[in-house]
Amino acid sequence: QLQLVESGGGLVQPGESLTLSCAASSGSSLETVAIGWFRQAPGKEREAVSWISARGRLKSFADSVKGRFTMSRGDTNNTAFLQLNSLRPEDTAVYYCAADGHRGPWTSPGGYDIWGQGTQVTVSS
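Residues numbered from 1 in each chain as written. Predicted model: local features only at pLDDT ≥ 70, side-chain atom pairs only at ≥ 80, totals over all residues. Heavy atoms only, no water.

**Q** Would you explain the overall build of the chain in this entry?
**A** Looking only at helices and strands, the chain has 0 helices and 11 strands in total. Its helices and strands taken in sequence order, the chain reads β-β-β-β-β-β-β-β-β-β-β from the N to the C terminus. For the chain, whose C-alpha radius of gyration is 13 Å, the value lies close to the compact-globule estimate of 14 Å for 125 residues. In the chain, which comprises 125 residues, the share counted as buried stands at 42%. Within the chain, residue pairs in contact and separated by at least 24 positions form 57% of the contacts whose partners lie at least 6 positions apart. Carbon and sulfur atoms make up 47% of the accessible area of the chain, which amounts to about 6400 Å² in all. (Helix = DSSP H or I, 4+ residues; strand = E, 2+ residues; numbered from the N terminus. Rg over C-alpha atoms; globule rule 2.2 N^0.38 Å. Buried < 20%, exposed > 50% of the residue type's maximum accessible area, 1.4 Å probe, protein only. Contact = heavy atoms within 4.5 Å. Areas by Shrake-Rupley, 256 points an atom, 1.4 Å probe, with all protein chains shown as cover.)

Pasting the structure below:
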């Protein structure tokens, strides 16, 4: 019954920042759900970006975003956040959050059970 909704995308210039939100549907909680973030650019396969454990104490990041992106869990247990800093044009993509089904590595989209609809991030001068 869990549904996820991403928000916060937009058009920014290189070097600027965005905060993306991943919210659970009404009546649901992310308290026990590990969350992965993926992105997909036109003509490209879906790419793993980052992952955060259910309690927010463990995090993983792709090499391409390490040191620039951060993740956190909301205080109300129904939201997860991805902070995108020092954005580059190559970060342009639709960003998705997903609930981890723990059926494989965090970088594998097939291991996730529930996906949001995506939010567009465009980095351009």
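**Q** Before we go on, may I ask you to explain the pattern of salt bridges in this structure?
**A** Pairing between side chains becomes possible if they bear opposite charge and their charged atoms approach one another. On inspection of all chains with the given rule, the structure shows 5 salt bridges. Among the ionic pairs, arginine 39 bridges to glutamate 47, the shortest N-O distance being 3.0 Å. Residue glutamate 47 is classed as partly exposed on the basis of its relative accessible area, which comes to 34%. For aspartate 113, the salt bridge goes to arginine 103, with nearest N and O atoms at 2.3 Å. Of the two residues, aspartate 113 is situated in strand 10 (residues 112-115) and arginine 103 in the loop between strand 9 (93-100) and strand 10; the sequence distance between them amounts to 10 residues. Members of the salt-bridge network, linked through shared partners, are Arg39, Glu47, Arg68 and Asp91. (Salt bridge = Lys/Arg side-chain N within 4 Å of Asp/Glu carboxyl O.)

**Q** Help me understand the side chain of serine 53 in this model?
**A** With respect to the element layout, serine 53 can be found in the loop between strand 5 (47-52) and strand 6 (59-61). Under the relative-accessibility criterion, serine 53 is labelled buried at 10%. With residues up to four places along the chain from it excluded, the contact list for serine 53 reads Ala34, Leu58 and Arg73.

**Q** How should I be thinking about the side chain of aspartate 91 in this particular structure?
**A** Relative to the helices and strands, aspartate 91 resides in the loop between strand 8 (79-84) and strand 9. For aspartate 91, a relative accessible area of 1% translates into the label buried. In this view, aspartate 91 contacts Arg39, Arg68, Phe69, Ser86, Val121 and Val123; residues no more than four positions away in its chain are not counted.

**Q** Help me understand the nonpolar core in this model?
**A** One broad trend across soluble globular proteins is that nonpolar side chains are buried collectively. Residues Leu4, Ile35, Trp37, Phe69, Leu82, Leu84 and Tyr95 are the most contacted members of the largest nonpolar core, which totals 28 residues. Every element with two or more residues in this core is listed here: strand 3 (18-24), strand 4 (35-40), strand 5, strand 7 (69-73), strand 8, strand 9 and strand 11 (119-123). Setting aside residues up to four positions removed in sequence, leucine 84 forms contacts with Glu16, Ser17, Leu18, Leu20, Arg68, Phe69, Tyr95 and Val121. One finds Ala48, Ala98, Trp106 and Tyr112 within the second-largest nonpolar core, a separate group that totals 7 residues. (Core = buried A, V, L, I, M, F, W, Y, C linked by side-chain atoms within 4.5 Å.)

**Q** How should the environment of leucine 2 be read in this particular structure?
**A** Relative to the helices and strands, leucine 2 is located in the segment before strand 1 (4-7). On the accessibility criterion, leucine 2 (17% relative accessible area) is buried. As a C-alpha pair, leucine 2 and isoleucine 114 span 112 residues in sequence and 7.5 Å in three-dimensional space. Excluding anything up to four places from it in sequence, leucine 2 contacts Ala24, Ser25, Ser28, Leu30, Ala99 and Ile114.

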